Amino acid sequence: MLHFPIILFFIISFFLASFTSVVCFNLTLPHQHPDPESVVQELHRRVNNSVFRRQMLGSIVEEKHSACLTGNPIDDCWRCDPNWNSNRQRLADCGIGFGLGAMGGKGGQIYVVTDSSDSDPVDPKPGTLRYGVIQEEPLWIVFSSNMMIKLRYELIVNSYKTIDGRGANVHITGGGCITLQYVSNVIIHNIHVHNCYPAGNTNVRSSPTHVGFRTKSDGDGISIFGSRNIWVDHCSLSYCSDGLIDATMGSTGITISNSYFSHHNDVMLLGHSDGYILDAGMQVTLAFNRFGEKLVQRMPRCRRGYIHVVNNDFTSWEMYAIGGSANPTINSQGNRYTAPEDINAKEVTKRVEADEKDWADWNWRTEGDIMVNGAFFVPSGDGLGVQYVKATSVEPKSVGLIDQLTMNAGVFGDPRGSLSDGGHSGGTTSSSTRSSSSSGGSDIFGMIFGGGSTSSPAPPRASSISFATAICWSLLILLACYTSTNHGALL
């Protein structure tokens, strides 16, 4: 009689062979956009349209009517509406890039945070932020007043949530900070996130029906773990124990835009580890952000995946701005890179623990970037050739236009000082390498008030893993457990 592990091995092999075309593709590259260059092209089209509209309207109407237009397609999408506060969910239609599909709480009710406390991570009080983010249904979360929310442990956010800080001065700080784990469709907008530190080894509620033991967190400002359709916009992040934003474990469909980063070492990590193959499906857009004072490195640091870095302002760094390993694709377009005074830190890029013979084929491209104070970007792979032929060319941006696109980076109203600080009076430009809710609803549930559009029903929650994939993993785990016993030797 055949030994049990051998029989199990053949069962698994047959199963995998039967489902290779479906299961393995979904498992390896979940929710990956099939044509990332088309996403790049659409983003550029929207920027060009917004800039053109601002220029045209500015020349034919009074200045007071065109003052809200900045050329930034996200802000111009909603800020010019004087009644935006009565139609907050309009924001969900203003996304760009790979996180364009992030719906947040669109179509759901308005939940008003009235209580800044976080006293019980297992049984949070209605009216607190923690109570709102764990609910199952789509919610658009707003704040009744200015708040300093000091978390005791990770704030675990459920799918289909928008945390909207507009109209209030909201700070989130403390233990763990914001965790998005195996969720989708989350928007975080206009929030300060800072001074986050590791916390855990306790039970934390992640939904109305689930409480789980959480080990100690890393202390990230925002941790995106195995999640998709995520949009972080107009946030200010600083002073956290680990990363300000980390996206790992196969996360994809992410846009980080209009945010302000400062006072930190390891700013942003995109990718779990060099050996984690699922991150090959990661697709992230970084647009209109300002990387400010006292930053050291990782803006971002990438592993695998496709990262589009467009129209950001990198004001300085101490080691490098953009780094990577394990062959990520980096498409840098229309950014301004201002190097530090240190003669040994002028290079924008860093290939981490890799020899040139290994990284020479990595696709790292610079186009239309402005290099200031001796900054230089080292391209490689198809960054020198035809890989990006589908991407719309980015014309070299003037200093004034980059200032315009990033002028409101971070939480609205935060002091930034002069955007012309640091002597941004010029610089070299990299050459192109391509050839061509209303709040009037009456439904009430706890602190939730009807405010979503009735024409947009709440989407069904997507299952986090297919049935076939679950069977596959179950068989693999069974084999591993069996062979770990004294009776499980394969030989």
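Anyway, here's the lowdown on the structure attached to this text.

Scoring rules and cut-offs
Residue indices begin from 1 for each chain and proceed along its sequence in written order. Owing to the predicted nature of the model, reporting of local features is limited to residues with pLDDT of at least 70; listing and counting of side-chain atom pairs is limited to 80 or more, with chain, interface and lining totals taken over all residues. Each side-chain value is worked out from all heavy atoms of the structure, with water and hydrogens disregarded. We call a set of buried Ala, Val, Leu, Ile, Met, Phe, Trp, Tyr and Cys residues a nonpolar core when their side-chain atoms join them within 4.5 Å. Residue burial is assigned from relative accessible area. The probe radius is 1.4 Å, only protein chains are included, and a residue is buried under 20% of its type maximum, exposed over 50%, and partly exposed in between. Only heavy atoms enter the contact rule, under which two residues are in contact if any of them lie within 4.5 Å. The way it works is that DSSP assigns letters per residue, a run of H or I at least four long becomes a helix, a run of E at least two long becomes a strand, and they are numbered from the N terminus. N or O atoms closer than or at 3.5 Å make up a polar contact, with two conditions inside protein: a donor-capable atom paired with an acceptor-capable one, and, for residues adjacent in sequence, both atoms drawn from side chains. Note: two strands are recorded as paired if DSSP finds a minimum of 2 bridges between them. Note that a disulfide, as used here, is simply two cysteine sulfur atoms within 2.5 Å.

1. Focus on the nonpolar core
Within the largest apolar cluster, 66 residues are counted, with the highest numbers of intra-cluster contacts made by L129, F143, F261 and Y337. Discounting residues that sit within four places of it in the chain, F261 has contacts with L237, L244, I245, I256, V267, M268, N289, R290, F291, G292, E293 and L295. In this structure, C77, W78, I110 and L405 belong to the second largest nonpolar core, which totals 21 residues.

2. Observations regarding the side chain of N312
Checked against the element boundaries, N312 lands in the loop between β24 (306–310) and β25 (313–314). Its relative accessible area of 0% is what places N312 among the buried residues. Within polar-contact distance, the side chain of N312 engages the backbone oxygen of L286 at 2.9 Å. If near-sequence neighbours (up to four positions away) are discounted, N312 is found in contact with L286, A287, F288, N289, F291, G334, N335, R336 and I402.

3. With respect to the sheet that holds strand β4 (residues 155–156)
Across the sheet, which stays open at both edges, the eight strands sit in the order β4-β7-β12-β15-β19-β23-β26-β29 with parallel pairing between neighbours. Edge positions in the sheet fall to β4 and β29 (349–351), since each has one partner strand and no second. Relative to strand β23 (residues 301–303), strand β19 (residues 268–270) runs parallel, the two being bridged by two bridges. Bridged to L270 within β23 is C302.

4. A word on the state of the cysteines
Inspection of every chain in the model, using the stated rule, returns two disulfides. A disulfide bridge connects C177 with C196, and the sulfur atoms are separated by 1.9 Å. The sign of the S-S torsion, about -85°, decides the handedness of the disulfide formed by C177 and C196: left-handed. Here C177, found in the loop between β6 (170–175) and β7 (178–181), pairs with C196, found in strand β9 (residues 192–197); they are 19 residues apart in sequence, far enough to count as distant. Residue C177 is classed as buried on the basis of its relative accessible area, which comes to 0%. Residue C196 is classed as buried on the basis of its relative accessible area, which comes to 1%.

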